[in-house]
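A look at the structure
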Amino acid sequence: MSLLPVCILAGGVGSRLGDAVKETPKPLLEVAGKPFLRWQLELLRAHDAKRVVLSVGYLGERIEATIGDGAELGLDLRYAYDPPELAGTGGAVRAALPLLGDEFLVLYGDTYLRIDYTDVQRAFEASECPGLMCVLRNRNRWDTSNALFDGRRVVYDKRRPPENAEWIDYGLGALRADALDVSDDPDLAGVYEELSRRGELAGYEATERFYEIGTPTALAETDEYLRQAAARG
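Summarised in this report is the structure supplied together with it. (Residues numbered from 1 in each chain as written. Predicted model: local features only at pLDDT ≥ 70, side-chain atom pairs only at ≥ 80, totals over all residues. Heavy atoms only, no water.)

It is worth spelling out helix α6 (residues 216-232) at this point. Taking 1.5 Å of rise per residue, the 17 residues of α6 would be expected to cover 24 Å, and the 25 Å separating its terminal C-alpha atoms lies within 8% of that figure. Restricting attention to buried positions, one finds in α6 the residues Ala218, Leu219, Thr222, Asp223, Tyr225 and Leu226. Buried positions along α6 lie against β2 (30-31), α1 (36-46), β7 (111-112) and β13 (211-212). Where α6 ends, the next residue or the one after it, glycine 233, has phi of about 80 degrees, a positive value. (Helix = DSSP H or I, 4+ residues; strand = E, 2+ residues; numbered from the N terminus. Expected span 1.5 Å × (residues − 1). Buried < 20%, exposed > 50% of the residue type's maximum accessible area, 1.4 Å probe, protein only. Contact = heavy atoms within 4.5 Å.)

Encoded structure:
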């Protein structure tokens, strides 16, 4: 099974990384010897991804010039530039829809997610829901838990987490294009929240912790993990 098109949200400034992103967009920061985005794309290709749409904003031209069209990686890589107005992650996905089609996966450009992407896609299609969120049983270990999950549906609120929440948004979702119509919230989290309120947000349990590069500490930890993974082959 080929993966659905994958949207990577790679337009953020990455302000928590300070001077490291003054002239280098976060996805191009060197991690374990190569741009972090290369690690993401290689992982997706290993899971039979074909088309990847990079939603870019800050220093997006640098990303496109460095990564190119994806041919070297065996990918059909496209670029969708964020609208000039402050559109948020929700607006970034909406701008990319012409390149994504009716159904797609979406993840953030600063996360490395060890998960069976094909199985996520199967679960999404079987759910017949307009959206699916991957969740990790977190119990506030990695960040504030913000979701409930009963094995089928997710109850999610990023800004006002449900009482007794033990799960956290893993950073990978699956959406139908019309799911973006349920909310005009500029944050993609608002779309997921509205789907959750409607009982239309399916869930998939991730079992491996996520790695990310959003802070200097997280970047160093991810660098160490990927160096060890590369050494193991």
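Right, picking up where we left off after that structure.
Turning our eyes to something else, we now look at the nonpolar core. Core analysis: the biggest nonpolar cluster contains 52 residues, and Ile8, Leu41, Ile115, Tyr117 and Leu172 have the highest contact counts within it. Take this core: its biggest share by element is six residues, from α1. Setting aside chain neighbours within four positions, we find leucine 172 in contact with Leu105, Val106, Leu107, Leu113, Ile115, Tyr117, Val120, Leu132, Met133 and Cys134. Formed by 27 residues, the second largest nonpolar core is a distinct cluster that contains Ala96, Val135, Trp167 and Leu195. (Core = buried A, V, L, I, M, F, W, Y, C linked by side-chain atoms within 4.5 Å.)

In this structure, leucine 188 sits in helix α5 (residues 188-197). Dropping the residues within four chain positions of it, leucine 188 is found in contact with Leu9, Thr89, Gly90, Val93, Val106, Tyr108, Leu175 and Leu180.

For the rest of this paragraph, the subject is the pairing of strand β8 (residues 131-137). Judged by how many residues are buried, β8 sits mostly within the fold: six of seven residues are covered. Pairing of β8 with strand β11 (residues 167-176), which is carried by six bridges, proceeds in the antiparallel orientation. Its bridge partner lying in β11, methionine 133 is registered against glycine 173. Two elements, β8 and strand β12 (residues 201-206), share six bridges in a ladder whose sense is parallel. Pairing of glycine 131 across the sheet is with leucine 201, part of β12. (Pairing = 2+ DSSP bridges.)

A few words now on the packing of aromatic side chains. Considering all chains together, one arrives at five aromatic pairs under this definition. For the pair tyrosine 211 and tyrosine 225, a centre-to-centre distance of 4.3 Å together with 15 degrees between the ring planes defines the contact as stacked. Of this pair, tyrosine 211 sits in strand β13 while tyrosine 225 sits in helix α6, and the two are 14 residues apart along the sequence. An identical accessibility class is assigned to tyrosine 211 and tyrosine 225; each is buried. Clustering of aromatic rings is evident, with ring pairs tying together Tyr112, Tyr211 and Tyr225. Here the guanidinium or amino end of lysine 34 rests over the ring plane of tryptophan 39, the centre of that ring lying 4.1 Å away. Note that arginine 209 overlies the ring of tyrosine 211, its terminal NZ or CZ placed 3.9 Å from the centroid. (Phe/Tyr/Trp six-rings, centres within 6.5 Å; stacked < 30°, edge-to-face > 60°. Lys NZ or Arg CZ within 6 Å of the ring centre and 35° of its normal.)

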